[in-house]
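Commentary on secondary and tertiary structure
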Amino acid sequence: MTSHKTAQTMKPATAAKKLGVYLEATPAEFQEGVVSRTELNALQADPPEWLQELRRNGPHPRPVVAAKLGVSISGLARGGITEALTTEQIEALKKEAPDWLQQERVTQAEVRKEAVRIKEKKAAREDRSEGPRS
């Protein structure tokens, strides 16, 4: 018996998420088909012009918008941003620096500091527990 290896495929939404692009802005043939793991790897290794353009100018999905603004996705929602934004819109928001954005950046910085503190505390606890035994 020979085993046939079938190509692993994913829905366009999953592929768009892995590529960091907004699905609705991708070409129709991308949205309507399925993407194999091989095709995804090829898109990542040598992105076509449409993918380069989307990554450069958007519209960007909310996780990318949040990262570019230095806030969480929840912070975007609290600030009233629920849709994809272009790079131009993100830059305008950065320049405008509304109160909600400033506050969410402070909150995000505190969350990161706390995560580091917890990680260091956990590492110190593990170091103590691995100490010499009698």
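Conventions and cut-offs
Residues numbered from 1 in each chain as written. Predicted model: local features only at pLDDT ≥ 70, side-chain atom pairs only at ≥ 80, totals over all residues. Heavy atoms only, no water. Helix = DSSP H or I, 4+ residues; strand = E, 2+ residues; numbered from the N terminus. Expected span 1.5 Å × (residues − 1). Buried < 20%, exposed > 50% of the residue type's maximum accessible area, 1.4 Å probe, protein only. Contact = heavy atoms within 4.5 Å. Phe/Tyr/Trp six-rings, centres within 6.5 Å; stacked < 30°, edge-to-face > 60°. Core = buried A, V, L, I, M, F, W, Y, C linked by side-chain atoms within 4.5 Å.

Turn by turn, an α-helix covers 3.6 residues, leaving residues three or four places apart pointing in a common direction. With 31 residues, helix α8 (residues 99-129) extends 45 Å from end C-alpha to end C-alpha; this agrees with the ideal 45 Å at 1.5 Å per step. What α8 keeps buried is the set Leu101, Glu104 and Gln108. Where the residues of α8 are buried, they touch α5 (62-69), α6 (73-78) and α7 (87-96).

With that out of the way, let us pick up the packing of aromatic side chains. Enumeration over the complete set of coordinates arrives at one aromatic pair. Both rings, one in Phe30 and one in Trp50, keep their centres 5.4 Å apart while their planes meet at 55 degrees; by these two values the pair is tilted. Within this pair, whereas Phe30 is found in helix α2 (residues 28-32), its partner Trp50 is found in helix α4 (residues 49-57), the two being separated by 20 residues in sequence. Note on Trp50: relative accessible area 27%, which makes it partly exposed.

Another point: the environment of Gln89. By the secondary structure assignment, Gln89 is in helix α7. Between the C-alpha atom of Gln89 and that of Val65, which follows or precedes it by 24 residues, the distance is 9.7 Å.

Let us look at the nonpolar core. Among the nonpolar cores identified, the biggest contains 11 residues, and these are Met10, Ala15, Ala16, Leu19, Val21, Phe30, Val35, Leu40, Leu43, Leu51 and Leu54. Taken together, the elements giving at least two residues each to this core come down to α1 (12-19), α3 (37-45) and α4. Looking at which element gives the most residues to this core, the answer is α1, with three residues. Residues within four places of Ala15 in sequence aside, it is in contact with Met10, Phe30, Val35 and Leu40. Ala66, Leu69, Leu76 and Leu85 belong to the second largest nonpolar core, which has 10 residues in total.

Purely spatial values, then, with no claim about function.
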